[in-house]
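# Chain and residue survey
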Amino acid sequence: MQVGVLTSAVSRINIRSDEGFFQQLCFACAQRYPHIWFKMLTWTKEEPTGYWENTSAEYEKGEVRFRQMINDPNDQYLGRYAFISETLWRLQEGRFVYAGEPAE
């Protein structure tokens, strides 16, 4: 199952938090359909700053892995380079908890 989430439904996403709409949608689908693998995607671009963010979530066997690529041309550290990060969330006692950043 693949789901696309419209940019108008989300804004900047913090994949280390469970409070955003995108994260809650992923967790709800995983709890409702625990036996079905899925991947959700969303992409955001802010004008006129040029900031863009590509976030995906992949669920399989009680784990949700968020992967995010960010490019902020105005950031003094990121500059013209995209920054990639991943987080892992595990289902424990009926809710998803942050399990850290997966090893490469």
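What counts, and where the lines are drawn
- Numbers given for residues are sequential positions, taken from 1 along each chain in its written order.
- Only residues with pLDDT of at least 70 get local features here, since the model is predicted, and only at 80 or more are side-chain atom pairs given and counted; chain-wide, interface and lining totals rely on the full set of residues.
- The basis for every side-chain value is the complete set of non-hydrogen atoms in the structure, without hydrogens or water.
- Pairs of strands are assigned from DSSP output, requiring at least two bridges between the strands.
- Helix numbering and strand numbering both begin at the N terminus, where a helix is a DSSP run of H or I of at least 4 residues and a strand a DSSP run of E of at least 2.
- A score from 0 to 100, pLDDT tells how confident the predictor is in each residue.
- Buried residues of nine kinds, namely Ala, Val, Leu, Ile, Met, Phe, Trp, Tyr and Cys, make up a nonpolar core once their side-chain atoms join them within 4.5 Å.
- Type-normalised accessible area, obtained with a 1.4 Å probe on protein chains alone, sets the label of each residue: buried when under 20%, exposed when over 50%, and partly exposed for intermediate values.
- When checking whether two residues touch, look at their non-hydrogen atoms; a contact exists if any pair is within 4.5 Å.
- Only rings of Phe, Tyr and Trp enter the pairing, Trp through its six-membered ring, and a pair is recorded when the two centres are within 6.5 Å. The plane angle decides the type: under 30 degrees is stacked, over 60 is edge-to-face, the rest tilted.
- Ring-over charges, as used throughout, are those where CZ of Arg or NZ of Lys falls within 6 Å of the ring centre and within 35 degrees of the ring normal.

### Some thoughts on the pairing of strand β3 (residues 52-60)
Relative to β3, strand β2 (residues 38-45) runs antiparallel, the two sharing eight bridges. Among the inter-strand pairings, W43 is bridged to a residue of β3, identified as N54. Hairpin remark: β2 followed by β3, antiparallel, with six residues in the connecting loop; positive phi at G50, about 85°. For β3 and strand β4 (residues 63-71), the ladder comprises nine bridges, and the chain directions are antiparallel. When the sheet's bridge partners are listed, E53 is paired in β4 with I70. Hairpin connection, β3 to β4: the antiparallel pair is bridged by two residues, and K61 has positive phi, about 50°.

### Quick notes on the confidence of the model for the chain
Reading predicted coordinates in detail is not appropriate for stretches of low pLDDT. Residues at a pLDDT of 70 or more form 84% of the chain, whose mean pLDDT is 86. No element of the chain has a lower mean pLDDT than strand β1 (residues 2-4), which averages 60, and none a higher one than strand β6 (residues 95-98), which averages 96.

### Some points on the nonpolar core
Most often, soluble globular proteins have nonpolar side chains that are buried together. Counting 15 residues, the largest nonpolar core has F22, V64, F66 and F96 as the members making the most contacts within it. Put simply, the parts of the chain that give this core at least two residues each are α1 (21-32), β2, β3 and β4. At five residues, the largest contribution of residues to this core is made by α1. Ignoring anything within four residues of it in the chain, the contact list for F66 reads I15, F22, Q23, C26, F27, S56, A57, S85, E86, T87 and W89.

### Focus on the environment of H35
Along the chain, H35 turns up in the loop between α1 and β2. Along the chain, H35 and E60 lie 25 residues apart, while their C-alpha atoms are 7.9 Å from each other.

### Some points on the packing of aromatic side chains
Counted according to the given criterion, the structure contains six aromatic pairs. Centroid distance W89 to Y98: 5.4 Å. Interplanar angle 65°. Geometry classified as edge-to-face. Overall, W89 belongs to the buried group, its relative accessible area being 3%. The exposure class of Y98 is partly exposed, given its relative accessible area of 38%. Among the aromatic side chains, those forming a connected cluster through ring pairs are F22, F27, F66, W89, F96 and Y98. The ring of Y51 carries R12 above its face, with NZ or CZ at 3.6 Å from the centroid.

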